[in-house]
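What follows is the residue order along each chain.
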Amino acid sequence: LKLGASTRSYEVRVNLRSQIEELERQQRDLMREVQSIDQDAADPVQAAKRLAKEEATCFVGGLEYDTEKADLLGLFQDCGHVEEVRFPGQQEVGGKAVKGIAFVVFDSAMAARRACGLSGEMFKGRKLKVAPAGERSKGKGDGKGKGKTENRDDDARGGSRQFLRDMLDGKWERGVALPSLSPER
């Protein structure tokens, strides 16, 4: 790639691996959704029951680690009938919120909505988060465990990667002053 009358030549390499991985992840998600739709079309009664159960399920976070099923039954008694309480990771401990979270299944979606009204309330000295289980809040990261660093691809060459990004974005065509890549003498 040559820029104007410059005697410098630049080699541009584009790494599409992360974009390909993201597209493959999206494809897997879409395929799961297609399979779910196919299953729902094959048995609409079962699909309606599953959907009703999903709408009646709440995520409860911020629990004490020794919270038991009876504690949650008491907490949600005014909201409606609780059909099931699940504690992820309880296999080893036996019925306690070892991760500080639980899923509560009510008999109706209305009871679940009433339970969501308890979000932010104090329970056993801790502030609860109660939300419909189907809603997953997206965290701040991209799920790849790389910490909080904004630009991981910055390196010792300083602005060279930014220069390439600007060049690929077309900024060099609009006459934007770009940093020099020549080593300082």
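Residues numbered from 1 in each chain as written. Predicted model: local features only at pLDDT ≥ 70, side-chain atom pairs only at ≥ 80, totals over all residues. Heavy atoms only, no water.

## So, the packing of aromatic side chains
And then number 1: By the definition in use, this model includes 2 aromatic pairs.
And then number 2: Ring plane angle 85° and centroid distance 5.5 Å describe the contact between Phe 76 and Phe 106, whose orientation is recorded as edge-to-face. Residue Phe 76 is located in the loop between helix 3 (69-75) and strand 2 (82-86), and its partner Phe 106 is located in strand 3 (residues 101-106); the two are separated by 30 residues in the primary sequence. Note on accessibility: Phe 76 and Phe 106 belong to one class, buried. (Phe/Tyr/Trp six-rings, centres within 6.5 Å; stacked < 30°, edge-to-face > 60°. Helix = DSSP H or I, 4+ residues; strand = E, 2+ residues; numbered from the N terminus. Buried < 20%, exposed > 50% of the residue type's maximum accessible area, 1.4 Å probe, protein only.)

## Notes on the sheet that holds strand 1 (residues 57-61)
And then number 1: Spatial ordering of the open sheet is given by 2-3-1-6, a layout of 4 strands whose pairing is antiparallel. In the strand order of this sheet, the two ends are held by strand 2 and strand 6 (129-132), each with one partner. When the angles between neighbouring strand axes are averaged without regard to direction, this sheet yields 25°.
And then number 2: Direction of pairing for strand 2 relative to strand 3: antiparallel, over a ladder of 4 bridges. Within strand 3, the residue paired with Val 82 across the bridge is Phe 106. (Pairing = 2+ DSSP bridges. Axes fitted to C-alpha atoms, helices over the stretch in contact; angles between N-to-C directions.)

## Quick notes on the side chain of Thr 67
And then number 1: With respect to the secondary-structure elements, Thr 67 resides in the loop between strand 1 and helix 3.
And then number 2: Polar contacts involving the side chain of Thr 67 include one to the main-chain carbonyl oxygen of Glu 64, which spans 2.9 Å.
And then number 3: Those residues in contact with Thr 67 that lie beyond four places of it in its chain are Leu 72, Phe 87, Gly 95, Lys 96, Ala 97, Phe 123 and Lys 124. (Polar contact = N/O pair within 3.5 Å; in protein donor to acceptor, adjacent residues only side chain to side chain. Contact = heavy atoms within 4.5 Å.)

## Here's the deal with the pairing of strand 1
And then number 1: Taking burial as the measure, the 5 residues of strand 1 include 4 buried ones, the bulk of the element.
And then number 2: Summarising the sheet, strand 1 and strand 3 pair through 5 bridges and their orientation is antiparallel. Considered in strand 3, the bridge of Val 60 is made with Ala 102.
And then number 3: The pairing of strand 1 with strand 6 spans 4 bridges and is antiparallel. What sits directly across from Val 60, in strand 6, is Val 130.

## Some thoughts on unusual backbone geometry
And then number 1: Non-glycine residue Lys 124 carries a positive phi angle of around 55°.
And then number 2: Looking at where Lys 124 falls in the secondary structure, it is placed in the loop between strand 4 (122-123) and strand 5 (126-127).

## Thoughts on the nonpolar core
And then number 1: The biggest cluster of nonpolar side chains holds 20 residues, and the ones touching the most others in it are Leu 63, Leu 72, Phe 76, Val 104, Phe 106 and Val 130.
And then number 2: Contributions of two or more residues to this core are made by strand 1, strand 2, strand 3 and helix 4 (109-116).
And then number 3: By residue number, the principal contributor to this core is helix 4, which donates 4 residues.
And then number 4: Contacts of Val 104, omitting those with residues within four sequence positions, involve Ala 56, Thr 57, Cys 58, Val 60, Leu 72, Phe 76, Val 82, Glu 84 and Val 85. (Core = buried A, V, L, I, M, F, W, Y, C linked by side-chain atoms within 4.5 Å.)

## Considering the pattern of salt bridges
And then number 1: Per the stated rule, a full pass over the model turns up 9 salt bridges.
And then number 2: Close ionic contact of Asp 29 with Arg 25 constitutes a salt bridge, the shortest N to O distance being 2.7 Å. One end of the pair, Asp 29, and the other, Arg 25, are both in helix 1 (residues 17-42), 4 residues apart, so they sit about a helical turn from each other.
And then number 3: On the accessibility criterion, Arg 25 (33% relative accessible area) is partly exposed.
And then number 4: Between Arg 50 and Asp 40 there is a salt bridge whose closest N-O contact spans 2.6 Å. Remark: Asp 40 occurs in helix 1 and Arg 50 occurs in helix 2 (residues 44-55); sequence separation between them is 10 residues.
And then number 5: Through salt bridges that share partners, Glu 22, Arg 25, Asp 29 and Arg 32 make up one connected network. (Salt bridge = Lys/Arg side-chain N within 4 Å of Asp/Glu carboxyl O.)

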